[in-house]
Amino acid sequence: MSDSNLHNEEKLLNLLRKKFLLKESTIKRAKRVEVKVEPKEIIPILLYAKENSGYTAFTHMSCVDWIEDGEFEVVYILWHPEEKINFFVKTRVPRDNGSLPNIDFIWRQANTYEREIREMFRIQFEGLVGRKEFILEDWEHLPPMRRDFDTAEFVKETYFHRPGREDAKDVREHVQERTDEELPDFAKKYSRD
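About the thresholds
- Residues numbered from 1 in each chain as written.
- Predicted model: local features only at pLDDT ≥ 70, side-chain atom pairs only at ≥ 80, totals over all residues.
- Heavy atoms only, no water.
- Helix = DSSP H or I, 4+ residues; strand = E, 2+ residues; numbered from the N terminus.
- Buried < 20%, exposed > 50% of the residue type's maximum accessible area, 1.4 Å probe, protein only.
- Contact = heavy atoms within 4.5 Å.
- Core = buried A, V, L, I, M, F, W, Y, C linked by side-chain atoms within 4.5 Å.
- Expected span 1.5 Å × (residues − 1).
- Arc of directions from axis to C-beta.
- Salt bridge = Lys/Arg side-chain N within 4 Å of Asp/Glu carboxyl O.
- Polar contact = N/O pair within 3.5 Å; in protein donor to acceptor, adjacent residues only side chain to side chain.
- Pairing = 2+ DSSP bridges.
- Axes fitted to C-alpha atoms, helices over the stretch in contact; angles between N-to-C directions.
- Parallel < 35°, antiparallel > 145°, perpendicular 65-115°, else oblique.
- Left-handed = near helix turned anticlockwise from the far one by under 90°.
- Nonpolar A, V, L, I, M, F, W, Y, C, P; charged D, E, K, R; others polar.

S.K.: I would appreciate a short explanation of the overall build of the chain in the present structure.
M.R.: A tally of regular secondary structure across the chain gives six helices and seven strands. Scanning the chain from its N terminus toward the C terminus, one meets helices and strands in the order α-β-β-α-β-β-β-β-α-β-α-α-α. Across the 193 residues of the chain, 36% fall into the buried class. Here the contacts in the chain between residues at least 6 apart in sequence split such that 47% fall between residues at least 24 apart.

Below you can see the structure in the form of structure tokens.
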């Protein structure tokens, strides 16, 4: 994608290609640049983006479970306030014993994202400070955001049937009966039947 309107995006990619070993690099669209790197490149590329390229805002961190590939992909999303460009840095780690460097010394708020990802996917962050339990207390099961976690089976095994609920109605059906309003099609797929 080459366009004179993408000058700042192309400038960033050219700088990164000269300085780092990028597995992939692309301009997804105007104002969105993505790179894929090895885990060992995470700290250097994030520090460079913040200190040398103006990507001072750490806006989000996410994880994708690529169960078919046996990997997790962790995505770091940065923002350049002046140029209004989103910069996505992606890396992959094995699903079994995956580990990444801790980045909360670069952006303090990354601690919250790392703790959540550690708990929900079981990815370790080297040097991460924070209680092991973040959201899930006394959790001894497979992390719940992994694609091989069976939510329906977990609910069936964990929660007991409560007597007196046999005639419980779906709230959507109850509202429909009370108001004589037609239930929207998108809501019908969530009914109990």
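Back to the write-up after that little detour.
S.K.: Sorry, what's going on with the nonpolar core here?
M.R.: In globular proteins that are soluble, nonpolar side chains generally tend to be buried together. Ranked by internal contacts, the top residues of the largest apolar core, which has 39 residues, are Leu46, Tyr76, Phe87 and Ile123. Secondary-structure elements contributing two or more residues to this core are α1 (7-19), β2 (32-36), α2 (42-53), β3 (57-66), β4 (71-80), β5 (85-94) and α3 (110-121). Leaving out residues up to four positions away in the same chain, tyrosine 76 has contacts with Ile42, Leu46, Phe58, His60, Met61, Phe87, Phe88, Val89, Thr91, Leu100, Ile103 and Phe125.

S.K.: Sorry, what's going on with α1 here?
M.R.: Since there are 3.6 residues in each turn of an α-helix, residues three or four apart along the chain are aligned in direction. Taking 1.5 Å of rise per residue, 13 residues should cover 18 Å, and α1 covers 19 Å from first to last C-alpha, within 8% of that figure. Residues Glu9, Leu12, Leu13 and Leu16 constitute the buried set of α1. Buried positions in α1, seen along its axis, are confined to an arc of 95 degrees and lie on one side of it. Opposite the packed face of α1, turned more than 90 degrees from it, sit the exposed residues His7 and Lys18.

S.K.: Would you explain unusual backbone geometry in this entry?
M.R.: Excluding glycine, a negative phi dihedral is what most residues carry, and trans is how most peptide bonds are arranged. Residue lysine 31 is not a glycine yet carries a positive backbone phi of 70 degrees. Positionally, lysine 31 belongs in the loop between β1 (24-29) and β2. Phi is positive for lysine 84, which is not a glycine, with a value near 60 degrees.

S.K.: Hey, could you run me through the pattern of salt bridges in this one?
M.R.: Under the definition given, this model contains 13 salt bridges. One salt bridge connects lysine 23 with glutamate 38, and the closest N-O pair in it is separated by 3.4 Å. Residue lysine 23 is located in the loop between α1 and β1, and its partner glutamate 38 is located in the loop between β2 and α2; the two are separated by 15 residues in the primary sequence. Overall, lysine 23 belongs to the exposed group, its relative accessible area being 53%. Where arginine 108 meets aspartate 104, a salt bridge forms, and the shortest distance between an N and an O atom there is 3.0 Å. Residue classification places arginine 108 among the exposed positions, given a relative accessible area of 57%.

S.K.: So what exactly am I meant to see when it comes to the environment of arginine 108 here?
M.R.: Positionally, arginine 108 belongs in the loop between β6 (99-101) and α3. Taking the C-alpha atoms as reference points, arginine 108 and phenylalanine 58, separated by 50 residues in sequence, lie 9.3 Å from one another. Polar contacts involving the side chain of arginine 108 include one to the side chain of aspartate 104, which spans 3.0 Å.

S.K.: Would you explain the sheet that holds β4 in this entry?
M.R.: The strands making up a sheet associate through backbone hydrogen bonding, with each pair oriented either parallel or antiparallel. Within the open sheet, the five strands sit side by side as β1-β2-β5-β4-β3. Their pairing is mixed. With partners counted over all chains shown, the strands left at the sheet margins are β1 and β3, one partner each. If you compare each strand with its neighbour and ignore which way they point, the axes differ by 20 degrees on average. By the bridge criterion, nine bridges tie β3 to β4 in an arrangement that is antiparallel. Following the sheet pairing, serine 62 is matched in β4 by valine 75. Here α3 sits on the sheet and contacts β3 and β4; the angle it forms with β3, its principal contact strand, is near 10 degrees.

S.K.: Looking at this structure, I do not really get the packing of α1 against α2. What am I missing?
M.R.: Packed helices, taken two at a time, are described by the angle their axes make and the gap between the axes. Axis separation between α1 and α2 bottoms out at 12 Å; the angle between their running directions is 130 degrees. Considering the angle they form, α1 stands oblique to α2. For the pair α1 and α2, the crossing hand works out as right-handed. Every residue of α2 that contacts α1 at Leu12, Leu15, Leu16 and Lys19 is listed here: Ile45, Tyr48 and Ser53. Partitioning the contact of α1 with α2 into residue classes produces five nonpolar, one polar and one charged.

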